[in-house]
Amino acid sequence: MRQPQGGRFGQFGIALRHAVLTALLAVALPHAVAAGTYQGVASCAGSTCHGRGEGDGKVVRQDELRIWQDPSSASGAHSRAAAVLSTARGARIAAALGLGPASAAPACLGCHSTNAPGDARGGRFLAADGVGCESCHGAASGWISSHYAMPASHAANVAAGMIPLDRPQVRAQVCLDCHFGSDKPGQFVSHAMMAAGHPRVSFELDLFSAMQGHYDLDADYARRKGRLDSVQLWAVGQAEAVRRATTLFAQPGLASEGLFPQFYFFDCHSCHRAITDDPARRRTFEVNPGRPIPFGNPPFNDENMIMLSAVAAILAPAQAARFDSAARAFHAGMAKGRPQAQAGAQALASAAGALSDSLAGRSYGPDTAFQVIAAISGKAIAPRFTDYAGSAQAVMAVDTLLNALVREGRVTVGAAAGIRAQINKAYDAVSAPERYDPDAFRAALGRASAAVGALR
């Protein structure tokens, strides 16, 4: 795997590593996926297919299984997803929830294994394989015997049922099924699961794609599937994350848990703060200008909304006002009641979907990443970094977009390394939620963004 440049790309502070990398462990797709049978990882593992020891294939690397199985790196996280269910942590979570063995619990296997219906599992399918090839590429029975043969084409493979992950919206929706949740069986992380010990879920499409990549974005890839732009992946991922979160929240069966709202959708750290009766205590939160909610109300987790607002202002200004208005109305609705919140969620999902379409359909120039980085730390967005989750997402965004500039030759490796200290200071500002300070973070992010902007 060709690793992205940059000192902390995928090597964050302790809290970010816990929140993001461990999480690597439905809205319907906008294309027709042929029904099929899941053939299992073993069906892809031949030495003339994807099981070579070295990536020296003429068309694709052909060592994809080796990368997927890497026992220690982030690139092997999908193959380890089922195994972690049998760890002490997995056992504690399952015991607290009364699920029985986690390795056999449907509530866990929906994301820690390829989510194949029982009647669609072929003879070589093994749930113990974890998140296998077909989790992302789709049930292979319709295309496994033809996708490598001449004159096979990517379009023909997609027509036969392969999921077109080269389309940013499709890729985001596939990833979000587990890296946020869906309404499919076993693919929703509830607040109860997190209370039992499941890590907080966070999503950023370009970062996750780079860490899990087992392909080369070379001339052959571009010829077969088109150019894959990192900035576009990041931007569309933010839009689809907002659409997914608000779409699920609008569903009555997922928005509440008995008497209480389903707190999975809310900002964890707005409630999980130190509590003291000291009359001289210092308040540990700030009022957020992007959330018109009563003082003290728990806020909906808006980390992706903040990023999408920044990118919309630069790349889709005609739709930015609609999105920002819908976001504010959604937060306001949360303070009024379930019907208002549900209506607000539906309107915000629609606005995010329109932005996703726009971002997926436009071209991206050499200065796009610089412009978005400047917007993230600019006067319109920076005041909204009042909480840990949104701030952690912002650091990932700046680092992700900088690495996109490096990978695509817009910034040299040496120049990026020269400003790494400023990026690392921004990471340090979100290294642990219990030490998060909004003022310190905004200052660190501003310096990091200014250092990137100086390379323009």
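Please refer to the structure higher up on the page.
Values in this document were obtained by computation on a predicted structure and should not be read as measured data.

Things to note about the pattern of salt bridges
Pairing between side chains of opposite charge can happen when their charged atoms approach one another.
Piece 1. Overall, the coordinates contain 23 salt bridges when judged by the stated rule.
Piece 2. As a salt-bridge pair, Arg-66 and Asp-63 come within 2.5 Å of each other at their nearest N and O atoms.
Piece 3. Accessibility expressed as a relative area gives 39% for Arg-66, which makes it partly exposed.
Piece 4. Given a relative accessible area of 0%, Asp-63 falls into the buried group.
Piece 5. Each of Asp-267, Arg-273, Arg-291, Asp-302 and Asp-387 takes part in salt bridges that share partners, so that together they form one network.

Thoughts on the nonpolar core
Piece 1. With 92 residues, the main nonpolar core has Ile-376 and Phe-385 as its most contacted residues.
Piece 2. For this core, the leading source of residues is helix α19 (residues 388-407), giving twelve residues.
Piece 3. Each residue touching Phe-385, except ones within four places of it in the same chain, is listed here: Ile-306, Met-307, Ile-376, Gly-390, Ser-391, Ala-394, Tyr-436, Pro-438, Phe-441, Arg-442 and Leu-445.
Piece 4. With six residues, the next largest nonpolar core counts Ala-102, Ala-105, Cys-108 and Leu-109 among its residues.

So, the environment of Val-406
Piece 1. Inspection of the secondary structure puts Val-406 in helix α19.
Piece 2. Assessed through its relative accessible area of 9%, Val-406 is described here as buried.
Piece 3. In sequence terms Val-406 and Ala-416 are ten residues apart; their C-alpha atoms lie 7.3 Å from each other.

Re helix α12 (residues 230-249)
Piece 1. The terminal C-alpha atoms of α12 lie 28 Å apart, and with 20 residues this matches the ideal 28 Å at 1.5 Å per residue to within 8%.
Piece 2. The element α12 is extensively covered by neighbouring structure, given that 19 of its 20 residues are classed as buried.
Piece 3. A side-chain oxygen of the first residue of α12 lies 2.9 Å from the backbone nitrogen of Val-231; this N-cap is Asp-229.

A few points about empty space enclosed by the protein
Piece 1. In this structure, the largest cavity encloses a volume near 210 Å³.
Piece 2. Phe-180, Val-201, Asn-301, Glu-303 and Asn-304 are the residues nearest the centre of the largest cavity, which is lined by 19 residues in total.
Piece 3. Of all elements in the fold, only α12 and α15 (303-315) reach the threshold of two or more residues within the lining of the largest cavity.
Piece 4. Looking at the lining of the largest cavity residue by residue, the classes come out as 13 nonpolar, four polar and two charged.

Quick word on the packing of helix α16 (residues 317-334) against helix α17 (residues 338-361)
Piece 1. It is at 8 Å that the axes of α16 and α17 come closest, and there the two elements cross at 160°. The angle between α16 and α17 places the two elements in the roughly antiparallel class. Two packed elements cross with a definite hand, and for α16 against α17 that hand is left-handed. Mapping the contact onto sequence places Gln-319, Arg-322, Phe-323, Ala-326, Ala-327, Phe-330, Gly-333 and Met-334 in α16 and Gln-340, Ala-341, Gly-344, Ala-345, Ala-347, Leu-348, Ser-350, Ala-351, Ala-352, Ala-354, Leu-355 and Ser-358 in α17.
Piece 2. Here the residues of the contact of α16 with α17 are counted per class, giving 13 nonpolar, six polar and one charged.

Section: the packing of aromatic side chains
Piece 1. Applying the stated criterion to the full structure yields 17 aromatic pairs.
Piece 2. Between Phe-249 and Phe-265, the aromatic rings sit 5.3 Å apart at their centres with planes inclined by 80°, giving edge-to-face as the arrangement. Residue Phe-249 is found in helix α12, and its partner Phe-265 is found in the loop between β2 (260-261) and α14 (268-271); the two are separated by 16 residues along the sequence.
Piece 3. According to the relative accessible area criterion, Phe-249 is buried, its value standing at 4%.
Piece 4. Across the ring face of Phe-249, the terminal group of Arg-338 is positioned such that the distance to the ring centre comes to 5.0 Å.
Piece 5. Over the aromatic face of Tyr-364 sits the side chain of Arg-362, whose NZ or CZ is 5.2 Å from the ring centroid.

Quick notes on the rules
Residues numbered from 1 in each chain as written. Predicted model: local features only at pLDDT ≥ 70, side-chain atom pairs only at ≥ 80, totals over all residues. Heavy atoms only, no water. Salt bridge = Lys/Arg side-chain N within 4 Å of Asp/Glu carboxyl O. Buried < 20%, exposed > 50% of the residue type's maximum accessible area, 1.4 Å probe, protein only. Core = buried A, V, L, I, M, F, W, Y, C linked by side-chain atoms within 4.5 Å. Helix = DSSP H or I, 4+ residues; strand = E, 2+ residues; numbered from the N terminus. Contact = heavy atoms within 4.5 Å. Expected span 1.5 Å × (residues − 1). Polar contact = N/O pair within 3.5 Å; in protein donor to acceptor, adjacent residues only side chain to side chain. 1 Å grid on protein atoms, 1.4 Å probe; cavity = no way out; pocket = protein on both sides within 12 Å on 5 of 7 lines; lining within 4 Å. Points joined across faces, edges and corners; volume = space filled by probe spheres on them. Nonpolar A, V, L, I, M, F, W, Y, C, P; charged D, E, K, R; others polar. Axes fitted to C-alpha atoms, helices over the stretch in contact; angles between N-to-C directions. Parallel < 35°, antiparallel > 145°, perpendicular 65-115°, else oblique. Left-handed = near helix turned anticlockwise from the far one by under 90°. Phe/Tyr/Trp six-rings, centres within 6.5 Å; stacked < 30°, edge-to-face > 60°. Lys NZ or Arg CZ within 6 Å of the ring centre and 35° of its normal.

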